[in-house]
Amino acid sequence: MREIAACDPWHQRTGDIERKKLLSSERYYDLPSHVGYEVDI
């Protein structure tokens, strides 16, 4: 994916994009549960 994105024409359109680190599964659980949603995993 990164190799393709670094090639033209994609690099011309996107530039240098840094991929953000994914959250842990615990963090994905915490996000909705902290604002009042019930999470059923």
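The structure displayed is predicted, hence computed values, not measured ones.

What counts, and where the lines are drawn
- Residue numbering note: each chain is counted from 1, following its sequence as written.
- Reporting in this predicted model follows two pLDDT cut-offs: at least 70 for local features of residues, and 80 or more for side-chain atom pairs to be given and counted; totals over whole chains, interfaces and linings ignore these cut-offs and use all residues.
- For side-chain calculations, the full set of non-hydrogen atoms in the structure is used, while hydrogens and water are omitted.
- Of the grid points, spaced at 1 Å and generated over the protein atoms alone, those admitting a 1.4 Å probe that cannot get out make up cavities, while open sets with protein on both sides within 12 Å along at least five of seven lines make up pockets; any residue with an atom within 4 Å of a point is treated as lining.
- Grid points are joined across faces, edges and corners, and a volume is the space filled by probe spheres set on the points.
- Here a strand is any run of E in DSSP of at least two residues, a helix any run of H or I of at least four, and the numbering for each starts at the N terminus.
- Any residue that is not Ala, Val, Leu, Ile, Met, Phe, Trp, Tyr, Cys, Pro, Asp, Glu, Lys or Arg is counted as polar, Gly included; the first ten are nonpolar and the last four charged.

Section: the layout of surface pockets
Stage number 1. There is about 230 Å³ of room inside the largest pocket.
Stage number 2. Along the walls of the largest pocket sit Met 1, Arg 2, Ala 5, Ala 6, His 11, Thr 14, Gly 15, Asp 16, Ile 17, Glu 18 and Arg 19, which together make up its complete lining.
Stage number 3. Broken down by secondary-structure element, the contributors of at least two residues to the lining of the largest pocket are helix H1 (2–5) and helix H2 (10–14).
Stage number 4. When its residues are assigned to classes, the lining of the largest pocket shows 4 nonpolar, 3 polar and 4 charged.

A look at unusual backbone geometry
Stage number 1. A cis amide bond links Asp 8 with the next residue in sequence, Pro 9, at an omega value of 5 degrees.
Stage number 2. Mapping Pro 9 onto the fold places it in the loop between H1 and H2.

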